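Overview (structure and organization)
Chain residues, written in single-letter form:
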Amino acid sequence: MVSILDEIAKTYPGLVDDISRPHLARLKHMKLPAGSVLFRPGDAATGFVLVFAGHVGVYLTGLNGRELRLYAVTAGASCIQTTLGLMGGETYSGEAVAETDVDLALIPAPDFRQLIERSSSFRTFVFKAFGARMSDVTHTLEQIAFVRVEARLAAYLLNSADAHGHLTATQQVIATAIGSVREVISRRLESFSKSGVISQERGQIQIVDPVALRVLAGDFPV
């Protein structure tokens, strides 16, 4: 049977050292079903999350009710909002939702603070992961500010479809993922459908012309 230390060492290289080992060895797996809420705006950070499987979406909600998906926490990644909360004492401004079944462990806040002070390996990992996540957030904001919605939508469809060009996603899910609103996505999908680029029916989308979608995506990463 694989120990949790072995899983951490495999999923989070560099995190386990002589100082962190006894703290991490005490951790327990937490299995959360899809739809579970890990934190909400105003909550205090209680621990540092280590994800082994699945992914957690982190969202911001504006005063007008519009949601923006900032990033996803997947195996080996960290949550920038949690790091800010643990290091700066700030409460969460966003909401984290398990978008699939998730397997994770939680490093309690007191242990996290001890390891930040005492373990150079742990500290290096946290700061490096924080920097990488900040880059992801900046990239998301740049997409919303400077990339046309057609390009973002085309890239989303190409990146989310399976090997047969099929994906299941509501218009609201797509809108949230690319920083738009459902009404805009509905019109763009209808336009794609009329042009013969996709076909769609009740949350089911089939890519018909991937070459045309790549042209629409332009320089957007696919």
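Thresholds, definitions, all that
- Residues numbered from 1 in each chain as written.
- Predicted model: local features only at pLDDT ≥ 70, side-chain atom pairs only at ≥ 80, totals over all residues.
- Heavy atoms only, no water.
- Pairing = 2+ DSSP bridges.
- Helix = DSSP H or I, 4+ residues; strand = E, 2+ residues; numbered from the N terminus.
- Axes fitted to C-alpha atoms, helices over the stretch in contact; angles between N-to-C directions.
- Buried < 20%, exposed > 50% of the residue type's maximum accessible area, 1.4 Å probe, protein only.
- Phe/Tyr/Trp six-rings, centres within 6.5 Å; stacked < 30°, edge-to-face > 60°.
- Parallel < 35°, antiparallel > 145°, perpendicular 65-115°, else oblique.
- Contact = heavy atoms within 4.5 Å.
- Nonpolar A, V, L, I, M, F, W, Y, C, P; charged D, E, K, R; others polar.
- Core = buried A, V, L, I, M, F, W, Y, C linked by side-chain atoms within 4.5 Å.
- Salt bridge = Lys/Arg side-chain N within 4 Å of Asp/Glu carboxyl O.

Within the open sheet, the 3 strands sit side by side as S8-S10-S9. Their pairing is antiparallel. Each edge of the open sheet carries a strand with a single partner, namely strand S8 (166-168) and strand S9 (198-201). The sheet shows a mean angle of 15° between the axes of neighbouring strands, taken without regard to direction. Taken together, the 3 bridges between S8 and strand S10 (residues 204-207) define a ladder with antiparallel strand orientation. Counted as the bridge partner of threonine 168 is glutamine 204 from S10.

Below, the discussion takes up the pairing of S10. Only one face of S10 is covered, namely the face carrying Ile205 and Ile207; the face carrying Gln204 and Gln206 is uncovered. Two successive antiparallel strands, S9 and S10, enclose a turn made up of 2 residues, where arginine 202 displays a positive phi of approximately 45°.

For the rest of this paragraph, the subject is helix H3 (residues 80-88). Among all positions of H3, only Ile80, Gln81, Thr82, Thr83, Gly85 and Leu86 are buried. Trailing H3 by a residue or two, glycine 89 shows a phi angle of about 75°, which is positive.

Looking now at the packing of aromatic side chains. Per the stated rule, a full pass over the model turns up 5 aromatic pairs. Centroid distance tyrosine 12 to phenylalanine 125: 5.5 Å. Interplanar angle 80°. Geometry classified as edge-to-face. Of the two residues, tyrosine 12 sits in the loop between helix H1 (4-11) and helix H2 (21-25) while phenylalanine 125 sits in helix H5 (residues 120-146), which places them 113 residues apart along the sequence. Across the pair, phenylalanine 125 and tyrosine 12 agree in class, each one buried. Ring pairing ties together the aromatic residues Phe48, Phe112 and Phe122, which thus form one cluster.

What follows concerns the packing of helix H7 (residues 171-178) against helix H8 (residues 182-194). Put simply, H7 and H8 touch, their axes get as near as 8 Å, and they point 110° apart. By the angle between their axes, H7 is roughly perpendicular relative to H8. Between H7, through Gln171, Gln172, Ile174, Ala175 and Ile178, and H8, the contact on the second element is made entirely by Arg182, Ile185, Ser186 and Leu189. For the contact of H7 with H8, the residue count by class is 5 nonpolar, 3 polar and 1 charged.

Our next topic: the nonpolar core. Core analysis: the biggest nonpolar cluster contains 39 residues, and Ile8 and Leu50 have the highest contact counts within it. In contact with isoleucine 8, other than residues within four places in its own chain, are Pro13, Leu15, Val16, Leu24, Leu27, Leu50 and Phe52. Counting 23 residues, the second largest nonpolar core, distinct from the first, contains Val149, Tyr156, Leu158 and Ile185.

What follows deals with the side chain of serine 78. Locating serine 78 in the fold gives a position in the loop between strand S5 (67-73) and H3. Taking the relative accessible area as the measure of exposure, serine 78 reaches 2% and is therefore buried. Once you skip the residues sitting within four places of it in the chain, serine 78 turns out to touch Phe48, Val73, Ala129, Phe130 and Arg133.

Proximity of charged atoms lets side chains of opposite charge pair with each other. Following the criterion strictly, the structure yields 8 salt bridges and no others. A salt bridge links aspartate 111 to arginine 26; the shortest N-O distance between them is 2.8 Å. Residue aspartate 111 is located in helix H4 (residues 109-118), and its partner arginine 26 is located in the loop between H2 and strand S1 (30-32); the two are separated by 85 residues in the primary sequence. Judged by relative accessible area, aspartate 111 falls into the buried class, the value being 12%. By relative accessible area, which is 52% here, arginine 26 ends up exposed.

What follows concerns the sheet that holds S5. Here 4 strands make up an open sheet; going across it, the order is S2-S6-S4-S5 and the pairing antiparallel. With partners counted over all chains shown, the strands left at the sheet margins are strand S2 (37-39) and S5, one partner each. Averaged over all neighbouring strand pairs, the angle between strand axes comes to 30°, with direction disregarded.

Here we take up the environment of isoleucine 4. You can see isoleucine 4 is positioned in helix H1. Its relative accessible area of 12% is what places isoleucine 4 among the buried residues. Between the C-alpha atom of isoleucine 4 and that of leucine 60, which follows or precedes it by 56 residues, the distance is 32 Å. Discounting chain neighbours no more than four positions away, the residues touching isoleucine 4 are Leu24, Ala25, Leu27, Lys28, His29, Phe52 and Ala105.

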